[in-house]
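Chain residues, written in single-letter form:
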Amino acid sequence: MDRRHQVLTSALAGAGLSIGQPVDDAAVTCLIEALDEDTIRRVAHWLSQANR
C-alpha cells in the first residue's frame with residue numbers, strides 16, 4: 001500500500017465511511033492510479049471537512 005492509498009483510506013475512515021469490502025479497495029486503487037498526489041490530498045481534505 002503506498003502513501004496515496006493510505007491518505008485516501010484514512011480520509012474515508014475519518015469521514016465515517018467503511019472501506020472493508022474488496023470492491024471498496026478496488027475503487028480506492030482506481031482513484032489513486034488515475035489521480036496525482038496533490039489531487040488525492042485535495043480529495044482527502046474535502047472528506048475531512050465533510051465530517052465537521
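Residues numbered from 1 in each chain as written. Predicted model: local features only at pLDDT ≥ 70, side-chain atom pairs only at ≥ 80, totals over all residues. Heavy atoms only, no water.

As a further point, take the overall build of the protein chain. Each helix and strand in the protein chain was counted, giving three helices and zero strands. Starting at the N terminus and walking to the C terminus, you meet the elements of the protein chain as α-α-α. Taken against the 2.2 N^0.38 rule, which gives 10 Å for 52 residues, the C-alpha radius of gyration of the protein chain at 10 Å falls within 12% of a compact globule. When its C-alpha atoms are laid out on the principal axes, the protein chain stretches across 25 × 25 × 15 Å. Burial status across the protein chain gives 23% buried among its 52 residues. Partitioning the contacts of the protein chain with sequence separation of at least 6, the portion at a separation of at least 24 is 67%. When the accessible surface of the protein chain is totalled, it reaches about 3600 Å², and 53% of it is carbon and sulfur. Positive and negative charge centroids in the protein chain, built from 5 and 7 side chains respectively, lie 10 Å apart. (Helix = DSSP H or I, 4+ residues; strand = E, 2+ residues; numbered from the N terminus. Rg over C-alpha atoms; globule rule 2.2 N^0.38 Å. Buried < 20%, exposed > 50% of the residue type's maximum accessible area, 1.4 Å probe, protein only. Contact = heavy atoms within 4.5 Å. Areas by Shrake-Rupley, 256 points an atom, 1.4 Å probe, with all protein chains shown as cover. Lys, Arg positive; Asp, Glu negative; His and termini not counted. Charge placed at Lys NZ, Arg CZ, Asp CG, Glu CD.)

By themselves, these figures tell us nothing about what the structure is for.
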